[in-house]
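Spelled out, the chains give:
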Amino acid sequence: MFTLSDIPMFLINFFLILPIVQLVHEAGHVFTARLFGGKIKFCIGTGETLFHLGALEVKKKYFMEGWCQYEELTYNKTWAHVAIYAAGSIFNFAVILIINFLINFDIMPATLFFYQYSYFSVYFIFFSLMPYRNGSGNPSDGRAIFDVLRYGKAEDPID
């Protein structure tokens, strides 16, 4: 049951853990798109822009949404696009594995923070790979992978 004592953890989840999970996810897309020679622009949040840091744009509501756009891939193959779309979830999963490894070998403590991070990463992976279009018509990563494999075209932006 949710009580007043849960509010601090809720605030940590909402304003710290979820944005970190989103940033790791977008970093996967960015890393892989750059690996294939793409030009990248990515964003964390929605609303007015707070600041730019290289290709990263941070919005006022940084705890909501995120996207990545890429263009002009040097290796413009179907499998490269699939890899870019899948990379966000792969990065989320890799960080979960790293956290578990570090905890299992007593390098890092087993705290609620890391449990929540892993929990929300799994949530992120699940909904990212579910094939759908959001209210704006933009595809989820799963839908973008489907579209690339079925129709041979890439969609932008990627979530």
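This section reports on the structure supplied with the text.

1. Section: the environment of Phe42
Then comes step 1: With respect to the secondary-structure elements, Phe42 resides in strand E1 (residues 39-53).
Then comes step 2: With 78 residues separating them along the chain, Phe42 and Phe120 place their C-alpha atoms 21 Å apart.
Then comes step 3: Excluding residues within four positions of it along the chain, Phe42 makes contact with Leu23, Glu26, Val30, Ala55, Leu56, Glu57, Trp67 and Cys68.

2. Points about the packing of aromatic side chains
Then comes step 1: This structure, assessed with the given rule, holds 16 aromatic pairs.
Then comes step 2: Aromatic side chains Phe101 and Phe105 sit 4.6 Å apart centroid to centroid with 45° between the ring planes, which places their arrangement in the tilted category.

3. What to know about the side chain of Lys59
Then comes step 1: Of note, Lys59 is situated in strand E2 (residues 56-71).
Then comes step 2: Residue Lys59 is classed as buried on the basis of its relative accessible area, which comes to 15%.
Then comes step 3: For Lys59, the side chain forms a polar contact with the side chain of Thr49, separated by 3.2 Å.
Then comes step 4: Look past the residues within four positions of Lys59 in its chain and what remains in contact with it is Cys43, Ile44, Gly45, Thr46, Gly47, Glu48, Thr49 and Leu50.

4. Points about a nonpolar patch on the surface
Then comes step 1: Taken together, the side chains of Phe2, Leu4, Ile7, Phe10, Leu11 and Phe15 define a hydrophobic patch exposed on the protein surface, amounting to about 600 Å² of accessible area.
Then comes step 2: Here Leu11 lies in helix H1 (residues 7-35).

5. Digging into H1
Then comes step 1: With 29 residues, H1 extends 41 Å between its outermost C-alpha atoms, agreeing within 8% with the 42 Å of an ideal straight helix rising 1.5 Å per residue.
Then comes step 2: Along its length, H1 reaches its greatest deviation from straightness, about 40°, at Asn13.
Then comes step 3: Remark: Gly37 follows H1 within two positions and exhibits a positive phi of approximately 85°.

6. Here we look at the pattern of salt bridges
Then comes step 1: With the rule as written, the count across this model stands at five salt bridges.
Then comes step 2: Between Arg133 and Asp147 there is a salt bridge, with the nearest N and O atoms lying 2.8 Å from each other. Taken together, the positions of Arg133 in the loop between helix H3 (112-129) and helix H4 (141-151) and Asp147 in helix H4 put the pair 14 residues apart, joining distant regions of the chain.
Then comes step 3: Each of Lys41, Glu57 and Lys59 takes part in one network of salt bridges that share partners.

7. Some details on the packing of helix H2 (residues 78-104) against H4
Then comes step 1: Axis separation between H2 and H4 bottoms out at 9 Å; the angle between their running directions is 175°. Classified by the interaxial angle, the pair formed by H2 and H4 is roughly antiparallel. Contact residues: Thr78, His81, Val82, Tyr85 and Ala86 in H2; Asp141, Ala144, Ile145, Val148 and Leu149 in H4.
Then comes step 2: Split into classes, the residues belonging to the contact of H2 with H4 amount to seven nonpolar, two polar and one charged.

8. Details of the environment of Gly66
Then comes step 1: With respect to the helices and strands, the residue Gly66 is situated in strand E2.
Then comes step 2: Residue Gly66 is classed as buried on the basis of its relative accessible area, which comes to 7%.
Then comes step 3: Sequence separation of Gly66 and Thr46 is 20 residues, and the distance between their C-alpha atoms is 7.5 Å.

9. What about the nonpolar core?
Then comes step 1: Counting 18 residues, the largest nonpolar core has Ile40, Phe42, Tyr70, Ile84 and Tyr85 as the members making the most contacts within it.
Then comes step 2: At the level of secondary structure, the elements contributing two or more residues to this core comprise H1, E1, E2, H2 and H4.
Then comes step 3: Sequence-distant contacts of Ile40, that is, excluding residues within four places in its chain, are made with Val30, Ala33, Arg34, Ala55, Cys68, Gln69 and Tyr70.
Then comes step 4: Judged by nonpolar contacts, the second largest core, of 12 residues, contains Met9, Ile99, Met108 and Phe124.

Calculation rules
- Residues numbered from 1 in each chain as written.
- Predicted model: local features only at pLDDT ≥ 70, side-chain atom pairs only at ≥ 80, totals over all residues.
- Heavy atoms only, no water.
- Helix = DSSP H or I, 4+ residues; strand = E, 2+ residues; numbered from the N terminus.
- Contact = heavy atoms within 4.5 Å.
- Phe/Tyr/Trp six-rings, centres within 6.5 Å; stacked < 30°, edge-to-face > 60°.
- Buried < 20%, exposed > 50% of the residue type's maximum accessible area, 1.4 Å probe, protein only.
- Polar contact = N/O pair within 3.5 Å; in protein donor to acceptor, adjacent residues only side chain to side chain.
- Patch = residues over 30% accessible without salt bridge, like charges linked within 9 Å, V, L, I, M, F, W, Y side chains within 5 Å.
- Areas by Shrake-Rupley, 256 points an atom, 1.4 Å probe, with all protein chains shown as cover.
- Salt bridge = Lys/Arg side-chain N within 4 Å of Asp/Glu carboxyl O.
- Expected span 1.5 Å × (residues − 1).
- Bend = angle between axes of the 7 residues up to and from the residue.
- Axes fitted to C-alpha atoms, helices over the stretch in contact; angles between N-to-C directions.
- Parallel < 35°, antiparallel > 145°, perpendicular 65-115°, else oblique.
- Nonpolar A, V, L, I, M, F, W, Y, C, P; charged D, E, K, R; others polar.
- Core = buried A, V, L, I, M, F, W, Y, C linked by side-chain atoms within 4.5 Å.

Nothing here speaks to function; it is geometry throughout.
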